[in-house]
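# A look at the structure
Take a look at the letters that make up each chain.
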Amino acid sequence: MLGNAKIPTTPLCVGSIRPARLPQVGRGRGRRESLRASRLQSRHAATSGAADTAGTSEGPSSEEPHVPGWGKVLKMRWDRIPWEGTIEAVNQGGCVVSVEGIRGFIPFVEMDPSRLPKERTASKDYLVGEKIRAKVAQVNRATYQCVLSETDQIFRDSLDDLKVGNIVVGVITNITDYGAFVSVISPDGVQHGVYGMIHRSEVSWNQGDGPEDVMQPGDEVKVMVTAVEKGSCRLRLSLRQTQADPIEQNLDTLMPLDTETVSDLQWKTSGIPLPGLELLVEQLRHEEKVDSVEFGRYAEVPRAVSQDLEVWLSREEVSQGYTIVSRAGRSLQEVHVTTAMSRDEMKTRLADLLKKTP
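Summary of the structure given here. (Residues numbered from 1 in each chain as written. Predicted model: local features only at pLDDT ≥ 70, side-chain atom pairs only at ≥ 80, totals over all residues. Heavy atoms only, no water.)

### Some remarks on unusual backbone geometry
Note the following rule: The numbering of helices and of strands both runs from the N terminus, where a helix is a DSSP run of H or I of at least 4 residues and a strand a run of E of at least 2. Remark: exposure states derive from per-residue accessible area (1.4 Å probe, protein chains only) relative to the maximum for the residue type, with buried under 20%, exposed over 50%, and partly exposed in between.
Backbone geometry places glutamate 100, a non-glycine residue, at a positive phi of 55 degrees. Mapped onto the elements, glutamate 100 comes out in the loop between strand E3 (94-99) and strand E4 (102-107). When its relative accessible area of 37% is taken as the criterion, glutamate 100 is described as partly exposed. Phi angles above zero are rare outside glycine, and tyrosine 144 is one such case at about 55 degrees. Assignment of secondary structure puts tyrosine 144 in the loop between strand E5 (131-140) and strand E6 (145-149). The class for tyrosine 144 is partly exposed, based on a relative accessible area of 25%.

### Description of the sheet that holds strand E1 (residues 83-86)
The pairing of strands in a sheet comes from backbone hydrogen bonds and takes either a parallel or an antiparallel form. Worth spelling out the cut-off: A pair of strands is considered paired only if DSSP assigns at least 2 bridges between the two. Only heavy atoms matter for contacts: two residues are in contact if any of them lie within 4.5 Å across the pair. To get an axis, fit a line to the C-alpha atoms, keeping to the stretch in contact for a helix; angles then go from 0 to 180 degrees between the N-to-C directions.
The sheet built from 6 strands is open, its strands ordered E1-E5-E6-E4-E3-E2 with mixed pairing. Each edge of the sheet is formed by a strand with only one pairing partner; in this case those strands are E1 and strand E2 (89-90). Against the sheet, helix H2 (residues 70-79) engages E1, E3, E4, E5 and E6, with an angle of about 95 degrees to E5. Along the sheet face, helix H3 (residues 150-159) touches E4, E5 and E6 and points at about 110 degrees away from the line of E5.

### Brief notes about the pattern of salt bridges
Filter applied, for reference: Salt bridges are defined as contacts in which a side-chain nitrogen from Lys or Arg sits within 4 Å of a carboxyl oxygen from Asp or Glu.
Within the structure shown, the criterion is met by 13 salt bridges. Glutamate 345 is paired through a salt bridge with lysine 289; the nearest N and O atoms lie 3.0 Å apart. Of this pair, glutamate 345 sits in helix H8 (residues 343-356) while lysine 289 sits in the loop between helix H7 (277-285) and strand E12 (290-300); the two residues are 56 residues apart in sequence, bridging distant segments of the chain. It is possible to trace a salt-bridge network through shared partners that takes in Glu84, Arg133 and Asp157.

### A closer look at the pairing of strand E15 (residues 331-339)
By the criterion of burial, E15 is predominantly enclosed, with 7 of the 9 residues buried. Bridge count for E12 against E15 is 8 bridges, and the pairing is antiparallel. The residue bridging alanine 299 from the neighbouring strand is leucine 332, located in E15. Between strand E14 (residues 321-328) and E15, which follow one another and run antiparallel, lie 2 residues, and glycine 329 among them has a positive phi close to 65 degrees.

### Digging into the sheet that holds strand E8 (residues 179-185)
One closed barrel holds the 5 strands; their spatial order is E7-E8-E9-E11-E10, and the pairing between them is mixed. Each neighbouring strand pair of the sheet contributes to a mean axis angle of 55 degrees, computed without reference to strand direction. The sheet contact formed by strand E10 (residues 220-229) and strand E11 (residues 234-238) spans 5 bridges and is antiparallel. Paired with valine 228 across the strands is leucine 235, a residue of E11. Against the sheet, H3 engages strand E9 (191-199), E10 and E11, with an angle of about 65 degrees to E9.

### Examining the packing of aromatic side chains
Put simply, the rule reads: For Phe, Tyr and Trp, where Trp contributes only its six-membered ring, two rings pair if their centres lie within 6.5 Å, and the inter-plane angle classes them as stacked under 30 degrees, edge-to-face over 60, or tilted in between. Definition used: whenever NZ (Lys) or CZ (Arg) falls within 6 Å of the ring centre and also within 35 degrees of the ring normal, the charge is taken to sit over that ring.
Taken as a whole and judged by the stated rule, the model has 2 aromatic pairs. Between tryptophan 70 and tyrosine 144 the ring centres are 5.1 Å apart and the planes differ by 85 degrees, which places this aromatic pair in the edge-to-face class. Placement of the pair is tryptophan 70 in helix H2 and tyrosine 144 in the loop between E5 and E6, with a sequence separation of 74 residues. Judged by its relative accessible area of 1%, tryptophan 70 falls in the buried class. Relative to phenylalanine 181, the ring of tyrosine 178 has its centre 6.3 Å away and its plane inclined at 85 degrees; by these criteria the two rings are edge-to-face. A relative accessible area of 0% places phenylalanine 181 in the buried class. Over the ring of tryptophan 78 we find arginine 77, and its NZ or CZ is 4.8 Å from the ring centre. The cationic tip of lysine 124 hangs over the ring face of phenylalanine 108; the distance from NZ or CZ to the ring centre is 5.0 Å.

### Comments concerning the pairing of E9
Taking burial as the measure, the 9 residues of E9 include 7 buried ones, the bulk of the element. For E8 and E9, the ladder comprises 6 bridges, and the chain directions are antiparallel. When the sheet's bridge partners are listed, phenylalanine 181 is paired in E9 with methionine 197.

Quick look at the structure:
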């Protein structure tokens with residue numbers, strides 16, 4: 001409560017990505033994070049131009065009644081000007097502040113988690129007098145009050161430092177059908193409420209893997225920043241781009257495989273082409289610098305590693321071309337390519353073709 005007036009309880013639609021839902025894990029910080037996620041669920045698709053309580057989304061009105069300081073509050077809201085001040089009081093739900101003489105409220109779920117005690121029921125009176133920098137996230141024209149968010153301002157400030165291609169460390173906070181949410185660990189080693197999302201397509205090079213297959217809430221991960229959307233306050237991340245592309249990794253592997261794997265094989269002059277290999281061979285035959293592509297020897301290995309088609313470019317010297325060795329399940333097959341391509345050119349073309357092979 002701010003005085004005798006009610007504090008707006010509608011979710012703050014201010015545009016930053018937040019976890020859709022965190023598991024209820026009892027009391028303490030985990031419980032608070034669950035409340036934060038529930039409150040901020042609607043923010044995932046929102047932008048910073050959402051409607052304000054008891055007002056409109058049209059921005060400041062020329063017909064606003066004269067209330068000292070109210071015009072400055074509206075300007076902060078619509079021009080995204082940060083407010084800086086001190087915490088004047090603490091109640092059960094958050095902190096009370098004065099913004100240009102207008103009463104403001106900062107819910108605990110909108111505050112930097114590092115400010116708050118781990119035990120949810122612990123006293124927070126120590127917050128009174130602390131300096132704070134926050135964003136005016138919502139205004140209530142009916143009561144001339146405002147709601148602020150410290151975490152949103154931290155998030156917006158962080159976007160100025162984060163660049164596409166940066167590698168950051170974070171903690172998985174929630175997993176959904178469409179991806180995973182990450183709480184980014186800041187350079188000071190603390191989680192300040194900056195969240196990003198890993199879309200399921202950026203979880204693994206194996207397109208069959210979903211987020212739940214490779215990570216769990218609480219896991220610490222190293223991710224790459226793939227997009228910084230300042231307008232909508234979104235941070236997009238990729239786990240797979242911090243890992244070697246298995247296609248390129250395989251193409252760099254020395255073949256044949258270790259002696260124990262291949263020394264006792266009974267090679268045959270022909271066999272059933274591996275799934276997907278015929279298409280790859282046909283595509284290679286249409287390459288401009290390729291003179292010929294022919295199937296080579298075929299063998300069965302003692303142990304199946306993967307049913308997926310794996311391809312290696314042998315480093316063995318071959319006259320006028322290269323030997324490709326492919327594997328799927330227990331089957332191993334050679335393909336001989338006569339070409340004037342350099343080794344690097346051959347690797348690049350193979351990698352491109354393999355990405356197109358179903």
